[in-house]
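Here are the chains, one letter per residue:
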Amino acid sequence: MSNDIIKVTVECAPNIALIKYWGKSDEDLILPLNGSISITLDTSVLRTRTTLTLSRTGKQLTEVYLSLNGVVEEFDDSSSSSKEKSVGSDSDGKVNKKRFFRMLERARASSQLDDPFAFNRIDIVSDNDFPLACGLASSASGFACLALCMASAFRCDRNKLDATELARLGSGSACRSCLGGFVKWSSGDERSSLATQLFGADHWPELNILAVVFQEHRKKVSSTAGMKETVRTSELLGRRVELVEQERLGQMETYLRERDFVNFAKLTMKDSNTFHAVCMDTYPPLFYLNDYSKQLIGLVNEFNRLSVNDDDLSIKVAYSFDAGPNAFLFVLDKNLNELLYLINTIYFRSSKDFASKFVLKSKSS
Ligand code: PMV
C-alpha cells in the first residue's frame, strides 16, 4: 500500500429488530426516541461487502465515486432519504448525499492521519450477495460496512469516535449491524446513542430465524418518511416509547440472557404488534402488513395454541414484522421441521399467489 492510497474492505450482515426503533428525537443526528434490540444475521448467509479506497489527489474538492451492485451511482441530493436509498442497496436506490457527507466529516474530525483532507478522492464499491428475494433491506448492512470502512481507512481514534455512531448517521438501524450476535442500540445524545453487543453470535445456537417473503418490491412509505409522520401525529407513540424504555429493553435482555424462549417469543410478538399499532395510529395510517401477514399471524397463534400443552409453555414460534409485509419467524431447532413443513404446505404448495418462496433459514451465529 503506497502512502497515497488507503484501501479497506469490510463485510456486514443485516439485522432483525426484536424490540423495534420507530421515531427520532433528532432527524439529522438520527437519535432514536427509544432504544432497540436486534439480532445480526450471519455474514456467511447474507452479506454486504464494501471496499473503500482513499486517494490523495492534490485537489481541493472531495470527489466521491460510488458503485452499488456493479452499477455506478450518483448521490441522492434530496433532503430526506428512504430506507432503500442505501449503500449496498439491491433496489434502484441511491446514497443520500447529506448523510454521507455528515459521516465523512465526522470520520475526518476524529482521524489520526496527518492530513485526512488530503485524501480527497473516495471510491466506494459495494455489493450484496443476498438471495434475490429475502425481504431484507440492505441499508443496515450497507451503512454498517461504510462506517467501519471509514473508521478504519481514516484511522479514527476510538476514544473520539465509535464506529456505531458513524453508522447511525447513515441509517439508524445500521449501527446495530456493526456488531454480531444480539445487539442493543441505546437512546441518548449525539455521543451516547451507540450500539453495544449484549451477547455474542454463539450465545443461542438453537435459535433459528426464517424469512417468509410475501412481497419483493419496495414499500410505498419508507421507514424514514413513515416514522416522521408517526412522531408528528401518533398519540400512542409516547406510550410505546415509555413501555420500551422502562420495561421491554430490560425484559428482552433478561430473556435473551436466560435463553427463555417462551418469554422471548411473547415479547418479540408483542413489540412487533405495538409497533404496527402506532403505525396505524399515524395519520394518515401506515399499513405495512397485508392480508398474507395477518393470515400468518393467525397461523402462528394457532400453531402455538395447538401445541401439546395448552398453556404458555406451548409457545413454539414467534413472528416479527418490520415496515413491510414479510415475516421473520423465530423457532428453536426442536420445532424447526414441524414449522417448515407447515409453512411449505400452507403457502408454497397450495398457493401460486406468492411473490417468492420461503427463502431464508439463518442461524444467529
Ligand atoms: O433505520 P431504518 O430507517 O432502517 O429504520 C428501521 C425501522 C425498523 O426496521 C422498522 C425497526 C428497526 O429497529 O430496525
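A few points on the structure. (Residues numbered from 1 in each chain as written. Predicted model: local features only at pLDDT ≥ 70, side-chain atom pairs only at ≥ 80, totals over all residues. Heavy atoms only, no water.)

## Concerning the overall build of the protein chain
Across its full length, the protein chain holds eight helices and 17 strands. Counting only residues that meet the buried cut, the protein chain has 58% of its 365 residues in that class. Contacts in the protein chain between residues at least 24 apart in sequence constitute 74% of all its contacts with a sequence separation of at least 6. Surface summary for the protein chain: the accessible area is close to 15800 Å², and the carbon and sulfur share equals 49%. (Helix = DSSP H or I, 4+ residues; strand = E, 2+ residues; numbered from the N terminus. Buried < 20%, exposed > 50% of the residue type's maximum accessible area, 1.4 Å probe, protein only. Contact = heavy atoms within 4.5 Å. Areas by Shrake-Rupley, 256 points an atom, 1.4 Å probe, with all protein chains shown as cover.)

## Details of the sheet that holds strand S1 (residues 5-12)
Strand order across the open sheet formed by five strands is S1-S6-S11-S7-S8, with mixed pairing between neighbours. Since the sheet does not close on itself, it has two edges, and those belong to S1 and strand S8 (71-73), each with one partner. For this sheet, the mean inter-axis angle between neighbouring strands, taken without regard to orientation, is 20°. Bridge count between strand S6 (residues 48-55) and strand S11 (residues 121-128): eight bridges; the pairing is antiparallel. (Pairing = 2+ DSSP bridges. Axes fitted to C-alpha atoms, helices over the stretch in contact; angles between N-to-C directions.)

## Observations regarding the pattern of salt bridges
In the structure shown here, the tally under the stated rule is 19 salt bridges. Asp28 is the salt-bridge partner of Arg102, the closest N and O atoms lying 3.7 Å from each other. Here the residue Arg102 occupies a position in helix H1 (residues 97-109), and Asp28 occupies one in the loop between strand S3 (24-26) and strand S4 (31-32), the gap between them amounting to 74 residues. Using a relative accessible area of 38% as the deciding quantity, one classes Asp28 as partly exposed. In this structure, Arg47 and Asp127 form a salt bridge, with 3.5 Å as the shortest nitrogen-oxygen distance. Residue Arg47 is located in the loop between strand S5 (36-40) and S6, and its partner Asp127 is located in strand S11; the two are separated by 80 residues in the primary sequence. You can call Asp127 partly exposed: its relative accessible area is 27%. (Salt bridge = Lys/Arg side-chain N within 4 Å of Asp/Glu carboxyl O.)

## Looking at the sheet that holds S5
Read across the sheet, four strands follow the order S2-S5-S12-S13 without closing on themselves; strand pairing throughout is antiparallel. Edge strands, defined here as strands with exactly one partner in the open sheet, are strand S2 (15-19) and strand S13 (195-199). With direction set aside, neighbouring strand axes in the sheet form an average angle of 35°. Of the strand pairs in this sheet, strand S12 (residues 182-185) and S13 are connected by four bridges, and their pairing is antiparallel. Residue pairing in the sheet places Val183 in a bridge with Gln197 of S13. Each of S2, S5, S12 and S13 touches helix H5 (residues 237-257); the most contacted strand, S2, lies at about 115° to it.

## A closer look at the pairing of strand S15 (residues 317-321)
Among the five residues that make up S15, five are buried, leaving the element largely enclosed by the rest of the structure. Judged by which residues are buried, S15 turns out to be covered on both faces: Val317, Tyr319 and Phe321 on one side and Ala318 and Ser320 on the other are all buried. The hairpin turn running from S15 into strand S16 (residues 327-332), its antiparallel successor, is five residues long.

## Points about the side chain of Ser314
Along the chain, Ser314 falls in the loop between helix H7 (291-305) and S15. Ser314 sits in the buried class, given a relative accessible area of 6%. A polar contact of 3.1 Å, which involves the side chain of Ser314, links it to the backbone oxygen of Asn304. (Polar contact = N/O pair within 3.5 Å; in protein donor to acceptor, adjacent residues only side chain to side chain.)

## Overview of the environment of Thr196
When you line up the elements, Thr196 lands in strand S13. What makes Thr196 partly exposed here is its relative accessible area of 42%. Each C-alpha atom of the pair Thr196 and Ser186 lies 8.2 Å from the other, and the pair is ten residues apart in sequence. Look past the residues within four positions of Thr196 in its chain and what remains in contact with it is Leu179, Phe182, Val183 and Lys184.

## Quick notes on the side chain of Arg108
By secondary structure assignment, the location of Arg108 is in helix H1. At 3.3 Å, the side chain of Arg108 and the side chain of Thr62 are in polar contact. Residues in contact with Arg108, not counting those within four places in the same chain, are Thr62, Pro116, Phe117, Phe119, Asn120 and Phe154.

## Some words on the pairing of S1
Burial along S1 is one-sided: Ile6, Val8, Val10 and Cys12 are buried, and none of Ile5, Lys7, Thr9 and Glu11, which face the opposite way, are. For S1 and S6, the ladder comprises eight bridges, and the chain directions are antiparallel. Bridge assignment links Lys7 to a residue of S6, and that residue is Thr53.

## What about H7?
Compared with an ideal rise of 1.5 Å per residue, which puts 15 residues at 21 Å, H7 spans 21 Å between its outermost C-alpha atoms and is within 8% of the ideal. Here H7 has its buried residues at Ser293, Leu296, Ile297, Leu299, Val300, Phe303 and Asn304. The buried residues of H7 occupy one face: seen down the axis, they fall within an arc of 165°. Capping the start of H7 is the job of one residue whose side-chain oxygen sits 3.0 Å from the backbone nitrogen of Tyr292: Asn290. (Expected span 1.5 Å × (residues − 1). Arc of directions from axis to C-beta.)

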